[in-house]
Amino acid sequence: MKKLRRIVASLKFRILAFVALCLWFYFILPSPLFKDSYATVLHDADGNLLSATIADDEQWRFPEVDSLPDKLQQCIQLYEDEYFEWHPGINPVSIGRAFWQNLVEGKVFSGASTISMQVIRLSRKNPPRTYFEKAWEIILAIRLEFSYCKEEILNLYASHAPYGGNVVGAETASWRYFNRPLQQLSWSESAMLAVLPNSPSLIHLGRNRDALKTKRDFLLSKLLDRQLIDTMTYELSLLEEIPNNPKPIPNHGFHLLQKAKTEGMAGQRIYSTIDGNLQKKVNEKVNRYVKFLAQNRIHNTCAIVVSLKDGSVKSYVGNATHASTQSKYVDLIQAQRSSGSILKPFLYAKAIEHGLIHTTTLLKDVPVVIDQFSPSNFDGEFEGVVRANQALAKSLNVPATLLLRDYGLGPFYTDLQKLGFTTIKRPANNYGLSLILGGAEVTLWELAKVYSHQAQLLNKERDEIPSTLTTWQQTETSFSEPEINRGAWWLTTQALTEVQRPGLNSDWKNYTSRRKIAWKTGTSQGFRDAWAVGYDKEHLVAVWVGNADGEGRPGLTGVSTAGPILFEIFELLPPSSWFDEPSSDLKEISLCTESGLLPTPYCPTSIQNVPFQTKLSTTCTYHRPILINEKDELVYRDCAKGNTRDTVLFQLDPIAAYYYYPKHGGRHFAPTLSPACEEKHQHTSFGIIYPNERTDIIIPINLKGELEKVQLKATHVDKNATLYWHLNDHFLGITQTLHEMSVLLEEGSQTLTIMDEKGNVRSCKFRAHVPEGY
């Protein structure tokens, strides 16, 4: 019985010892095997290398490869471990031979390391060569074979083998020494990469070049002997030169790579949606353009190209990168900059969607002051009245400001946030009406995203479209409903095709070679930011030009600086057709031909498209029936004498007429009111152009340091009218024909009163200020 117990106890001990040994054997292999840091590697949509950054330990070590080309596999196996496919991690014959050679030599003469053993040694950071270390490598190599297949072990070796200096891994070496991916290497180049890790003394292309070539040629002869290459390939391979110096890693997507790192992808292999060839060409365009702009001390440009098929980014150039570029490491696509006029299309589209205007609606463009805010157009001129589509195409500031006031600052602020402008987050009243003129900060990224979202709407029949831009192939696309309906954006897009292109006269549309593009520019106050966004059916291009430090420069405008590079980039893109009209989202209605409003019986009409769900609510007030007597004077039925005739008058208010008619065929004067009707009827005959009600005027100072006079202006519909001017009850004088008065103002509140000879009166209150320090 005792003997049986001893046998059972012995058996238990052996079983426990075996289990312990198995557990020890299972857990001796570290996981992960390599704890190295890796370079962040960016590939284009076709898998080609765009950019890479060095690993945290200052080594050029790319993430582990998934596979190796056949040429390199065969070269490595033939040179390093000819029986790799057959042994269990160690080669007993090689180990026996190495042990005997070392014993005879009295020192370590041969290591007999298999590829599996070398992987273990590399993972352990090349500890000192001792018999104990060799034994431990053998055990771990056998264990390695239980967890990894042969292909994976070979990939591990090729990914971590040293290739000289701070170059680690065959893929990195391929780029550093041949400036090509592994798949494009010749037999000679593959042979050189196979022999390099085996000879530490040769890992420097500037030394021992003959020895390196000898080893390479020896491997090529073995390839020939094994009939892996033919004689011609062998002879041609022998003629190939050993490279002289390491080459720089490609750097065509630096800023996109930095974006990936900020999004948590550092140390990874990243596959982007970028078109590699287009990226290189846009990079070249941007760098060449910034060199040209540097003459005006403008040093930075960024650009993005988006495919409207799926919202994927095809080119991402965050800044110029040539040596002389200032702040070239700053990704300006993600920088918040003053928007200028680049948001205007969204206001016009929402106003059209809500029936506030149509693209042919006449909008006021005259000097105005709204709660101390006095917008002016870029050129300092005024149109009087202008059609909405022309106001948008010309990017006029006054019509946009008045439209925002009528549409509502709060609703438009909410619209912008819903569209996707996350940087517009201060309270709406903090922006005020300047929101539409550059009072907000936006990024080129979000600008491209929102414009793309709306442009894609014209390509899609479904209600949901991609809600963001896609830069990474593994990103799942999210969808959302459009914030501006298809019909309203179609009409807005048609207006944007009328924007005059840079460097061309007004006949640019006659050139058939000019591709059809809807585009919009923006310029921030102080000439600090120049924007341009354009799109056709296939692509969208967005550009920003300026200085990263915010310095403004004369001539830095959307049209003159951002526009040219926008169209240069479009020339790199394949030709595109135009959007189909979204007829299901439009309906035809009759509008007043001249005012673009709902017609009255007195309006000439034309058929126009409006968004299907839109209901226009404003009726034309420009056309009105009038009576004219024999003297062509305006009369009314209760005061008319003699023969009269009915006619229709298209009449602008006096101030709008003052600016409008000189630019459109001369001055138009409404019929003068007949003296017989003056007692019973008032007639809107004149208005004050400058100053506006509640304007704050800064009194100018001349070169002598003296206060100068301020020019006050008025207009009258009667070209022969006489106006009598009063300031604070003091008579200033009389004007005829040209109604302007130069006045030396005193500081403080002022009241200007003007009367014509028929007793009509206009007045306005304003304040005059002496400049600070005067």
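Calculation rules
- Residues numbered from 1 in each chain as written.
- Predicted model: local features only at pLDDT ≥ 70, side-chain atom pairs only at ≥ 80, totals over all residues.
- Heavy atoms only, no water.
- Helix = DSSP H or I, 4+ residues; strand = E, 2+ residues; numbered from the N terminus.
- Rg over C-alpha atoms; globule rule 2.2 N^0.38 Å.
- Buried < 20%, exposed > 50% of the residue type's maximum accessible area, 1.4 Å probe, protein only.
- Contact = heavy atoms within 4.5 Å.
- Areas by Shrake-Rupley, 256 points an atom, 1.4 Å probe, with all protein chains shown as cover.
- Phe/Tyr/Trp six-rings, centres within 6.5 Å; stacked < 30°, edge-to-face > 60°.
- Lys NZ or Arg CZ within 6 Å of the ring centre and 35° of its normal.
- Axes fitted to C-alpha atoms, helices over the stretch in contact; angles between N-to-C directions.
- Parallel < 35°, antiparallel > 145°, perpendicular 65-115°, else oblique.
- Left-handed = near helix turned anticlockwise from the far one by under 90°.
- Nonpolar A, V, L, I, M, F, W, Y, C, P; charged D, E, K, R; others polar.
- Pairing = 2+ DSSP bridges.
- Core = buried A, V, L, I, M, F, W, Y, C linked by side-chain atoms within 4.5 Å.
- Salt bridge = Lys/Arg side-chain N within 4 Å of Asp/Glu carboxyl O.
- Expected span 1.5 Å × (residues − 1).
- Polar contact = N/O pair within 3.5 Å; in protein donor to acceptor, adjacent residues only side chain to side chain.
- pLDDT = per-residue confidence, 0-100.

A count of helices and strands for the protein gives 21 helices and 29 strands. Rg of the C-alpha trace for the protein: 39 Å, well past the compact-globule value of 28 Å for 774 residues, more than 25% over. Once the C-alpha set of the protein is aligned to its principal axes, its extents read approximately 140 × 70 × 65 Å. Burial analysis of the protein (774 residues in total) assigns 52% to the buried set. Pairs at least 24 apart in sequence give 66% of the contacts found in the protein among residues at least 6 apart. Carbon and sulfur atoms make up 51% of the accessible area of the protein, which totals about 37200 Å².

Under the criterion given, the structure shown has 16 aromatic pairs. When the centroid spacing of 5.8 Å and the interplanar angle of 65 degrees are considered together, the rings of F346 and F421 count as edge-to-face. Here the residue F346 occupies a position in helix α13 (residues 344-353), and F421 occupies one in the loop between α16 (409-419) and α17 (428-431), the gap between them amounting to 75 residues. Relative accessible area serves as the criterion here: at 1%, F421 is assigned to the buried category. Measuring from ring centre to ring centre gives 4.9 Å for W578 and F579, while their planes differ by 70 degrees; the resulting arrangement is edge-to-face. Taking the relative accessible area as the measure of exposure, W578 reaches 14% and is therefore buried. Among the aromatic side chains, those forming a connected cluster through ring pairs are F346, F421, Y451 and W489. Across the ring face of F84, the terminal group of K150 is positioned such that the distance to the ring centre comes to 4.6 Å. A cation sits over an aromatic face here: R762 above F686, 5.3 Å from the ring centre.

Before going further, it helps to spend a moment on the packing of α13 against helix α19 (residues 486-496). Interaxial distance between α13 and α19 falls to 8 Å at its minimum, and their mutual angle equals 135 degrees. If you check the angle between α13 and α19, you find them oblique. The interaxial crossing formed by α13 with α19 has right-handed handedness. Only A488, W489, L491, T492 and L496 of α19 make contact with α13, whose side of the interface consists of P345, F346, Y348, A349, I352 and E353. In the contact of α13 with α19, the residues fall into nine nonpolar, one polar and one charged.

All right, on to the sheet that holds strand β20 (residues 634-635) then. Reading across the sheet, the three strands line up as β20-β19-β21 and stay open at both edges, with antiparallel pairing between neighbours. The open sheet is flanked by β20 and β21 (644-650), the only strands paired with a single partner. Looking at chain direction, strand β19 (residues 623-629) and β20 are connected through two bridges and run antiparallel. Its bridge partner being in β20, L627 is matched across the sheet by V635.

What follows covers the nonpolar core. Ranked by size, the top nonpolar core spans 99 residues in total, and within it I304, L343, F346, F421, I424 and Y535 carry the most contacts. Considering every element that reaches this core, the biggest residue donor is helix α18 (residues 444-457), with seven residues. Apart from the residues within four sequence positions on either side, I424 is in contact with L343, Y413, L416, Q417, Y431, L435, A440, E441 and V442. Core analysis: the next-biggest nonpolar cluster, separate from the first, contains 51 residues, Y79, A158, A161 and L220 among them.

Right, let's get into the pairing of strand β23 (residues 695-698). What you see with β23 is a clean split: T695 and I697 sit on the buried side and D696 and I698 on the side with no burial. As defined by bridge partners, β23 adjoins strand β29 (residues 761-769) across four bridges and the pair is classed as parallel. The partner of I697 across the bridge, within β29, is A768.

Here the focus is unusual backbone geometry. Note: most residues except glycine have negative phi, and most peptide bonds are trans. The step from S31 to P32 runs through a cis peptide bond, and the omega angle for that step is 0 degrees. Tracing the backbone through its elements, the reader meets P32 in the loop between α1 (2-27) and β1 (40-43). Omega for the peptide link from Y690 to P691 comes to 5 degrees, which places this bond in the cis form. The backbone phi angle of K125 is positive, close to 60 degrees, even though this residue is not glycine. Tracing the backbone shows K125 in the loop between α4 (115-123) and α5 (131-147). Although it is not a glycine, S395 adopts a positive phi angle of roughly 55 degrees. With respect to the helices and strands, the residue S395 is situated in the loop between α14 (388-393) and α15 (397-407).

In the structure shown here, the tally under the stated rule is 28 salt bridges. Between R515 and D536 there is a salt bridge, and its shortest N-O distance comes to 2.9 Å. Taken together, the positions of R515 in the loop between α19 and β14 (518-523) and D536 in the loop between β15 (529-535) and β16 (539-546) put the pair 21 residues apart, joining distant regions of the chain. Considered together, R515 and D536 belong to a single accessibility category, that of buried residues. The partner of E551 in a salt bridge is R553, with the nearest N and O atoms 3.9 Å apart.

For helix α12 (residues 276-293), built from 18 residues, the straight-helix expectation of 26 Å at 1.5 Å per residue is met to within 8% by its first-to-last C-alpha distance of 26 Å. Of the residues making up α12, those classed as buried are G276, L278, Q279, V282, N283, K285, V286, N287, Y289, V290 and L293. At the N-terminal boundary of α12, the capping side chain belongs to D275, with an oxygen 3.2 Å from the backbone nitrogen of N277.

This paragraph deals with the sheet that holds strand β25 (residues 722-727). In space, the five strands of this open sheet follow the order β23-β29-β28-β25-β26, with mixed pairing throughout. Bordering the open sheet on either side are β23 and β26 (730-736), each of which pairs with just one other strand. On average, each strand axis in the sheet is inclined to that of its neighbour by 30 degrees, with strand direction left out of account.

Moving on to the confidence of the model for the protein. Of the residues in the protein, 91% reach a pLDDT of 70 or more, and the chain-wide mean stands at 87. Within the model, pLDDT remains below 50 along residues 505-513, and this stretch shows nine contacts once partners closer than five positions in the same chain are excluded.

Once that is clear, we can look at helix α6 (residues 150-160). Among the eleven residues of α6, nine are classified as buried, and the element is accordingly described as predominantly covered. For α6, the set of buried residues is K150, I153, L154, N155, L156, Y157, A158, S159 and H160.

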